[in-house]
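# Chain and residue survey
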Amino acid sequence: ECTTNSTRVFIEKAKGEILGVVIVESGWGSILPTVIIANMMHAGPAERSGRLNIGDQIMSINGTSLVGLPLSTCQSIIKGLKNQSRIKLNIVRCPPVTTVLIRRPDLRYQLGFSVQNGIICSLMRGGIAERGGVRVGHRIIEINSQSVVATPHEKIVHILSSAVGEIHMKTMPAAMYRLLTAQEQPIYI
């Protein structure tokens, strides 16, 4: 999972050059509600630095905390740094894929989340899914080591509704999933 301590990263760039990242929300239910790097522009300052990875959470940038701020505000803050030549980021290293473990003793226990087109769209407070680390806005990538990337909605629902015991899932923010599967064109900032 994520590292607990944050890392300070400095990125040098030309004045007027964009940082060259795409950021997305970390997903409701994450420990720290902040933005994460979903994509980096080829040969842009962020990628050139070799210091940032997809999945990294940005805690602050040039001394401004991004924790708890809406995505649009975070994007504006980053865009506002275009004329700076040195960017200081505080990041928490996170794998882009979240591993979830739901313990469901038997079928009488509600899973406690709903899915639409493979994306988790709601979560029951205090349910077994929330305790297992399920996040709203994440796309399910695999269930019990079986990829569900190309699996139709009905089948995903069937797999989940009949699963008992330890249910292992891998998920990632839906916006990041769309970028990685080229369903969306990245807009770099």
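In the annotation of an unreviewed UniProt entry, the protein is listed under the name PDZ domain-containing protein and assigned to Acanthochromis polyacanthus.

### A short note on the nonpolar core
One finds Leu 19, Val 21, Ile 23, Leu 52, Ile 58 and Ile 61 to be the most contacted residues of the largest nonpolar core, which totals 20 residues. At the level of elements, β1 (7-12), β2 (21-25), β3 (35-40), β4 (57-61), α2 (71-79) and β6 (86-92) are the ones that each hand at least two residues to this core. Excluding its chain neighbours within four sequence positions, the residues that come into contact with Val 21 are Ile 37, Asn 39, Met 40, Ala 46, Ile 187, Tyr 188 and Ile 189. Listed in part, the 19 residues of the second largest apolar core include Leu 111, Phe 113, Val 148 and Ile 156.

### Here we look at the domain arrangement of the protein
One can read the domain layout of the protein as domain 1 (6-95) and domain 2 (98-178). Look at where the C-alpha atoms of domain 1 and domain 2 centre, and you get two points 28 Å apart. Taken residue by residue, the interface counts twelve residues in domain 1 and nine residues in domain 2. Counting the surface lost from both domain 1 and domain 2, the interface buries some 790 Å², and carbon and sulfur atoms represent 68% of this. There are zero salt bridges connecting domain 1 and domain 2. Put simply, domain 1 and domain 2 have zero residue pairs in polar contact (both at pLDDT 80 or more) between them.

Analysis parameters
Residues numbered from 1 in each chain as written. Predicted model: local features only at pLDDT ≥ 70, side-chain atom pairs only at ≥ 80, totals over all residues. Heavy atoms only, no water. Core = buried A, V, L, I, M, F, W, Y, C linked by side-chain atoms within 4.5 Å. Buried < 20%, exposed > 50% of the residue type's maximum accessible area, 1.4 Å probe, protein only. Helix = DSSP H or I, 4+ residues; strand = E, 2+ residues; numbered from the N terminus. Contact = heavy atoms within 4.5 Å. Domains from an automatic or database assignment. Buried area = accessible area lost by both parts, 1.4 Å probe. Salt bridge = Lys/Arg side-chain N within 4 Å of Asp/Glu carboxyl O. Polar contact = N/O pair within 3.5 Å; in protein donor to acceptor, adjacent residues only side chain to side chain.

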